[in-house]
Structure formats: C-alpha cells, structure tokens
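Architecture and fold: a report
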Amino acid sequence: MTEKQALLSGKSRKNDSNLKIPSRWIFRACLILAAALAVVFLLLGINRMRSSYNSALGNAYSAAYNAAFQFAEKQSHVSNYVTIAIKAEQEISRLEVLKVSDSEFVVKNAEKDDSTTSWLEVQGTGIFTVDLNAAEFIADSDRKYVLVNIPNPVLTSFEISRTEKQFWHSSNSPLANGSVAGGVQLAQEQLAEGQQELEDSMRQSRKFHEAAKNAAVMMIESIVRSWNPDISGLQVEVKFIETM
Amino acid sequence: MDTVKTTDQLAPKSDKQPKHLKHAFFQQAIFALRTHPFHDVATVILLAVLVLSIVFFAISPGVGTVVGLGIGSFEGVPSGLADGAKDGNAEGLSAKDTTMDIRTKMVQTGKLEVLLVNVELSDVYKHGEVPIVGGPQYAALYTIQGEGIFSVDLTQAEVTLQSLSDNILIGIPRPQFELYIKDSTLKNIAEYKASVFDGNTGDGYTGWLNSREQIDQKAQSELAGYNSLMEHAKASALDQVERLSKSICGSEKKVIVQFLEEEDE
C-alpha cells in the first residue's frame, strides 16, 4: 500500500499535523446542532398547524353565524312606518318651575295567555308650570318693590322616560306560548296603565306641589331682579292666587 | 515501480485542502467511530439525552395535566362537589345581590314655554314573517296623540344695561323642543293576525316596547328639525319675553330682546 493509500485509509499517522482534519468534537457539535434544529422545526410545525386549525374553525363558525343571524332577523323583523300630523299650534307663556321623576310597577297577565306574567317598571317625568298669562306684576319704582301674583303651579306635561322588565314568565312550549298580537297588546296596556297611574300620583302629590311652589317663588324672584339690573336692592314678593 | 512520496511532498504548502483530503475527513470520522467506541457512544448518549429532554420539556404540561386530572378526579372531585355546593348555597342565600336606586327626584327648572304643538302619530306596525307562506305574523295600524313644546331656558338668558341709552338688552337662547307622547290615547284602528305561526307573546312584547322607544326618539328629532315650527317658536319666544319684560321692568323702560346667537354675529 502506498503512503497515499495508507493516508486515505486512515491507517497512517505520520505527519498528522500537516493535514487539517477537523476534530471529532466539531463533528459532535454538528450532530447536536442538527438535533436542535429538528426540534425547532417540529415545534414550529405544531404551531402552524394549530393556527391554521383555529382559522378554519373560526371561518366555519362565522359562516354558520351569519346564515343563522340573517334567517332569525328576517323571522323577527319589526318595522314601523310613522306619519306625523300637526293638528294645532298655540303660543303660550308658561314658566316651568319643577321637573319631577318617579316610577311605578305595573303587574299584568296576558289576556289570552294565562301562563304569561309581566312586571313592568315604568319611569316617568312630569313638569310643573306656572301660567304667566294669568300672572299680575305690580311694580312700585319709588319703593323699589315688585309684587307678583301668580296662579298655583300645575302638572302640565308628562312622559314615560324609561321602562324596565323586572319579571317575566311565559311558557316555553311552542304550542302554548301565545302570539305576537298578545304580547303587543300586553305591552300597550301596561304602558297606558303606568302612564295614567304615575301622572295621577304626581298630580295629587302634596310634596311635589309644595316643592313646585317654592321653586316658582325662587325662579320669579330671580328673574325679576336680574331683569332690573339698574335697580339695586329691589324687593320682590310673590303671592299665589287661590283659585276656586 | 511507483515513486513513494513523503507526506511533505504529499501535503501542499498552501492552506487549502485538496478534495481527496476532505474526503479523508469523513473517512477518518467514520474510522474514529469504529476505532474509539467509548467517546462516540458518549456522543450518541448525549444526543439522545438532549433530544429526550427537549421532547419532555414540550410535553411536560400535558403530562402533568393528565396525571393531575386523574388523581384529582379520584380524590378531589367528591369533596370539591360537597364543599362547593354548601358554600354556593350560603352565598346565594346571602342576598348580596341587592341594588338600591332612588327614583323620586325633583329638579328646579326655569324654562319659559312659548309654543305648544298638538300632534297625532299614525303608525303601521309590522312584526316578523310567516315561514313558507310569507306575510307578517302580526300587523296593526295605531294612532297616538302627543304634545310638542318649544321652550326657552331663562336661566341661560343674559341681561345687560346699555350705559349710553339706559336700554335693557335681554339675550335669550334658541328654543328647545320636547315631545310628550300620551300612551293612554293609543287607538287600534286596524290589525292583522296570522292564522298559523303567529309568533310568541315575549317577542311581541319586546317588539312593541322597542318600537315605542324608537318612535319617541325619531318623532322628537323630526319635529325639532322642522324649520317652520322652529321659526314660529322663535317668533313667539321674542314676543313672550318682550311682554314679560314690560311687566317686570315697567313700560317706561325700553327692553330689547334678541337671541344670543344673533348677538355673536
């Protein structure tokens, strides 16, 4: 065997320093690096698989959701076509002095459906006003004194500001769950009853009337003084005209 | 006879390794594996341990979960159920879910109502659709009365005394509109009910409550933006405030009433 052949077969050890053969540790390091890369690619592959799974799942969910949403919306679509007719216009001169709020519970069963019970909380707002067309202003400029005679405040406006279903029970059976017509009628009756009860309650409330009278006095005194900026120390007296 | 060259002669003086020597590297590597088993078994074991540790790191949460579930199910579930039921019952009966809200409120206001508008709203209400056959589950024609009021907030008025002429200048804000619909005046003019698939009470109830809210908001917006009414309200406001000022200030003083937005122009 020639030296060359011996060298290539690895059997010759002569003059090894002249040959730049990498050590076996470099080879081992390459093996370790290859193993680590394999693990990294495996983990990345798992991650990609998971994200594509979630994406496909989400798309399937979205498609099903949109189809079901459109069908259900069509089945329960409510529309209102409203026309407004202006019957009359009237110029008035009423001073709003007090705004009051209160609530009432209206309990009712559906008329043709005994299994449906509704407890509706109706909240309303009322306005107490003083009719200034019936007011009388008597001014004494020498004594810097103004007497104002006004009628008692009255509740002139009311509106339902908010409703809230506090309790509702109805049958889940498709054969005994009433009808849309029954539900609409029940809601309208409760609103009308709630409005009437609240309005009557506010109108008859002594507490609200006293508060309205106090507010009227304060407001008129303030207006009279501020509209006479040239008179300092102006005295204002407000009296209520007792109506029969 | 071939000439035998020494390794000096074989090895070139430059740093570049000839191809046959690179080939020698791999052959020597294989030779090393075959001739030094101890070192290379260590390499293989080291590699195997490394791979196994990485794999274990990846699967350890899952392994822990499975074992925990298994042991927890055997020991923890029965006692957890009993304790949870007892504590949950006590918590539910504690009535901590109690809310308070004061509904009765009073607020002073100083608006002068200048124009009252009586309106009648006519509403064609349609609800749902009957499957296959088509047409609404319910339809009705209603009328309902309301009152619209234009008012001027006198608490926002600005009163100034013109020093040169002793005139009183009263600046008032633009009238605001408020609509008051009376539910007690609702009349059912006509209605249609589907004979089958006529819906349920709950849907009808919710549909009307929401409709009532929408009608209120949109009618309010529509009337507030109606120019003809607003112009009438503005004219009435100027007239009413001027009359009131003459009563309050005396007829000998000259009072000028105008809108605050005109003062700024």
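This text follows the structure it describes.
Our subject in this report is the structure included herewith. Here the structure is a predicted model, which means the values were calculated and not measured.

Points about the packing of aromatic side chains
Using the criterion set out here, one finds eight aromatic pairs over all chains in the structure. An angle of 45° between the planes, with centres 4.7 Å apart, marks the rings of W168 of chain A and Y205 of chain B as tilted. Separated into two different chains, W168 of chain A in strand β5 (residues 154–169) and Y205 of chain B in helix α4 (residues 201–224) make up a pair that spans both. In this structure W168 of chain A comes out as partly exposed when scored by relative accessible area, which is 24%. Given a relative accessible area of 0%, Y205 of chain B falls into the buried group. Three or more aromatic residues joined by ring pairs form one cluster here, namely Y125, Y138, Y142 and W208 of chain B. Here the basic side chain of K165 of chain A rests over the ring of W168 of chain A, its NZ or CZ set 5.0 Å away from the ring centre.

Some details on the pattern of salt bridges
Tallied over the full model, the rule gives 15 salt bridges over all chains. Across the pair E237 of chain A and K239 of chain A runs a salt bridge whose closest N-O atoms are separated by 3.8 Å. Given the relative accessible area of 30%, E237 of chain A is considered partly exposed. With a closest N to O distance of 3.5 Å, K193 of chain B and E191 of chain B form a salt bridge. For K193 of chain B, a relative accessible area of 42% gives the class partly exposed. What makes E191 of chain B partly exposed here is its relative accessible area of 42%. Salt bridges linked by common partners bring E121 of chain A together with D101 and R103 of chain B together as one network.

Here's the deal with the interface of chain A and chain B
Often, the extent of an interface is quoted as the loss of accessible area on bringing the components together. Across the contact, 103 residues belong to chain A and 105 residues belong to chain B. Summed over both partners, the interface of chain A with chain B comes to about 9,500 Å²; 60% of that surface belongs to carbon and sulfur atoms. Considering only the surface of chain A that becomes buried against chain B, E96, V180 and W227 of chain A emerge as the three largest contributors, covering 9% of it. For E121 of chain A, the salt bridge goes to R103 of chain B, with nearest N and O atoms at 2.7 Å. Residue assignment for the side of chain A that touches chain B shows that the elements contributing at least two residues are α1 (3–9), α2 (24–75), β1 (78–110), β2 (113–131), β5, α3 (180–204) and α4 (206–226) of chain A. Here the side of chain A that touches chain B is composed, by residue class, of 47 nonpolar, 32 polar and 24 charged.

Quick word on unusual backbone geometry
One non-glycine residue, I132 of chain B, lies in the positive phi region at around 70°. Structurally, the position occupied by I132 of chain B is in the loop between β1 (105–127) and β2 (138–153).

Some words on the sheet that holds strand β3 (residues 136–140) of chain A
Residue and element names in this part refer to chain A. Reading across from one edge, β3-β4-β6 is the order of the three strands in this open sheet, with mixed pairing throughout. Of all strands in the sheet, those bounded by a partner on one side alone are β3 and β6 (235–241). Shown here is a sheet whose adjacent strand axes are inclined to one another by a mean of 15°, direction ignored. Packing against the sheet, α4 makes contact with β3, β4 (145–151) and β6, and its axis sits at approximately 140° to β6.

Concerning the sheet that holds strand β3 (residues 158–161) of chain B
Residues and elements named next belong to chain B. The three strands are arranged β3-β4-β6 in an open sheet whose pairing can be described as mixed. Of all the strands in the sheet, just β3 and β6 (255–259) have a single pairing partner and so form its edges. For this sheet the average axis-to-axis angle between neighbouring strands, irrespective of direction, equals 20°. For strand β4 (residues 168–172) and β6, the ladder comprises five bridges, and the chain directions are parallel. Opposite I172, over in β6, you have F259 as the bridge partner. Packing of helix α5 (residues 227–249) onto the sheet brings it into contact with β4 and β6, and relative to β6 it is tilted by some 150°.

What counts as what
- Residues numbered from 1 in each chain as written.
- Chains lettered and ligands numbered in written order.
- Predicted model: local features only at pLDDT ≥ 70, side-chain atom pairs only at ≥ 80, totals over all residues.
- Heavy atoms only, no water.
- Phe/Tyr/Trp six-rings, centres within 6.5 Å; stacked < 30°, edge-to-face > 60°.
- Helix = DSSP H or I, 4+ residues; strand = E, 2+ residues; numbered from the N terminus.
- Buried < 20%, exposed > 50% of the residue type's maximum accessible area, 1.4 Å probe, protein only.
- Lys NZ or Arg CZ within 6 Å of the ring centre and 35° of its normal.
- Salt bridge = Lys/Arg side-chain N within 4 Å of Asp/Glu carboxyl O.
- Contact = heavy atoms within 4.5 Å.
- Buried area = accessible area lost by both parts, 1.4 Å probe.
- Nonpolar A, V, L, I, M, F, W, Y, C, P; charged D, E, K, R; others polar.
- Pairing = 2+ DSSP bridges.
- Axes fitted to C-alpha atoms, helices over the stretch in contact; angles between N-to-C directions.

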